[in-house]
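What follows is each chain in one-letter form.
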Amino acid sequence: MPNFDGGHYFFACLLPVRHSPTKSHEHALRAAISFLPTGFPFGVAVPGVAMPQPPSPFAASTTVHFARLVVVGDTIFNGRDRSDAISVAIGRSPNPLVPNIVDQLSCAYLLLSLDLDAPSGDRAQIASLLAEFWSQVGPQLQNVFSELRGYEPGMTPDQVAELMLSCQIDTAMPFNDYWPSTPPLQDTSKWALAAPGIAAFVAVAAVVLLVASALAGGTPIWAVVVALLLGVAAGAYAVYRTILRRALAPLPSAPTGDLRSVLKALYLQHHFVDFALDAQGKSAADLHRDFGAFLGTHAPSSPQPTQNPGVIR
């Protein structure tokens, strides 16, 4: 299903960049993005290097797993369409001396992509999540959004959310998978798939036979043949639509796929690797003692301690 799957909403929008005869807003936008902090390695301060607070603007969000900002200046010309010389000679393919049409954008765009925690994925919920996102992250993105058409300083989080939703594009390629096992998918029986097809077959065939009987004063053989053919076609289409509808249903939410749980899992992963390396060669008694200390220090079943957002490892 586009945009929503597994308890996450894959929001993407193309926001048009301003145009002015006296300023290159595209270059100003690229410069504003280049000054954004991207994170801090291991969350550890380096002597002489100031640690950004927060390490990334998006680290202030409590629902965003991934965020991307991409300036789309124009489309890429992939070259001429290939053609066969014989096909060109007999007039079946375009003349290679005539230039192909080159698609170009009327302006540059900013691609904003966000992977959000979203239980349902309906529009009202996404508008609320985007407004919350802007209230948390917006102050650090002012210089970026000031180069975009439709944005004005002082806009409320709800107004910015509506601006982003008005420029939304669908994405059908989810890029996370937090299920530790096979999701509890509902099995579809053959009868559940066949029932819509049988109903469509009976309904269409009955209508055709009734119409033919009314027009011909009986039930000629051609009417039976037409009813069977149309009924089979309608039944097959109904089964196809049923399969397609079930295939587009989003996966259920993973029990630990929210941002807080993922950060905790990353925290445990990194510290357990260190523990495993230190445990090499230890006796069973020492390993048992040290693992108990590990559980007491890092509390796997507790939200804290955890990894801070925006940390690069």
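This report concerns the structure included in the present document.

What follows covers helix H8 (residues 259-278). Look at H8: 29 Å from first C-alpha to last across 20 residues, which is about the 28 Å you get at 1.5 Å a residue. Those residues of H8 that sit buried are Leu259, Val262, Leu263, Lys264, Tyr267, Leu268 and Phe275. Considering only its buried residues, H8 is in contact with strand E4 (64-72), strand E5 (109-117) and helix H9 (284-298).

Of note, the bond from glutamine 304 into proline 305 is cis; its omega dihedral lies within 30 degrees of zero at -5°. Mapped onto the elements, proline 305 comes out in the loop between H9 and strand E7 (311-312).

The next thing to look at is the side chain of glutamate 147. Structurally, glutamate 147 is set in the loop between helix H4 (142-145) and helix H5 (157-166). In terms of polar contacts, glutamate 147 uses its side chain to reach the side chain of histidine 25, at 2.7 Å. Residues contacting glutamate 147, with those up to four places away along its chain left out, are Val17, Arg18, Lys23, His25, Ala28 and Leu29.

This paragraph deals with the packing of aromatic side chains. Tallied over the full model, the rule gives 10 aromatic pairs. Consider the rings of tryptophan 134 and tyrosine 151, whose centres lie 5.8 Å apart with planes at 65°: the pair is edge-to-face. Taken together, the residues tryptophan 134 in helix H3 (residues 123-137) and tyrosine 151 in the loop between H4 and H5 connect sequence positions 17 residues apart. On the accessibility criterion, tryptophan 134 (4% relative accessible area) is buried. Overall, tyrosine 151 belongs to the buried group, its relative accessible area being 1%. Ring centres of phenylalanine 275 and phenylalanine 291 lie 5.7 Å apart, and the angle between their planes is 55°; this geometry places the pair in the tilted category. Residue phenylalanine 275 is located in helix H8, and its partner phenylalanine 291 is located in helix H9; the two are separated by 16 residues in the primary sequence. On the accessibility criterion, phenylalanine 275 (14% relative accessible area) is buried.

Procedures and definitions
- Residues numbered from 1 in each chain as written.
- Predicted model: local features only at pLDDT ≥ 70, side-chain atom pairs only at ≥ 80, totals over all residues.
- Heavy atoms only, no water.
- Helix = DSSP H or I, 4+ residues; strand = E, 2+ residues; numbered from the N terminus.
- Expected span 1.5 Å × (residues − 1).
- Buried < 20%, exposed > 50% of the residue type's maximum accessible area, 1.4 Å probe, protein only.
- Contact = heavy atoms within 4.5 Å.
- Polar contact = N/O pair within 3.5 Å; in protein donor to acceptor, adjacent residues only side chain to side chain.
- Phe/Tyr/Trp six-rings, centres within 6.5 Å; stacked < 30°, edge-to-face > 60°.

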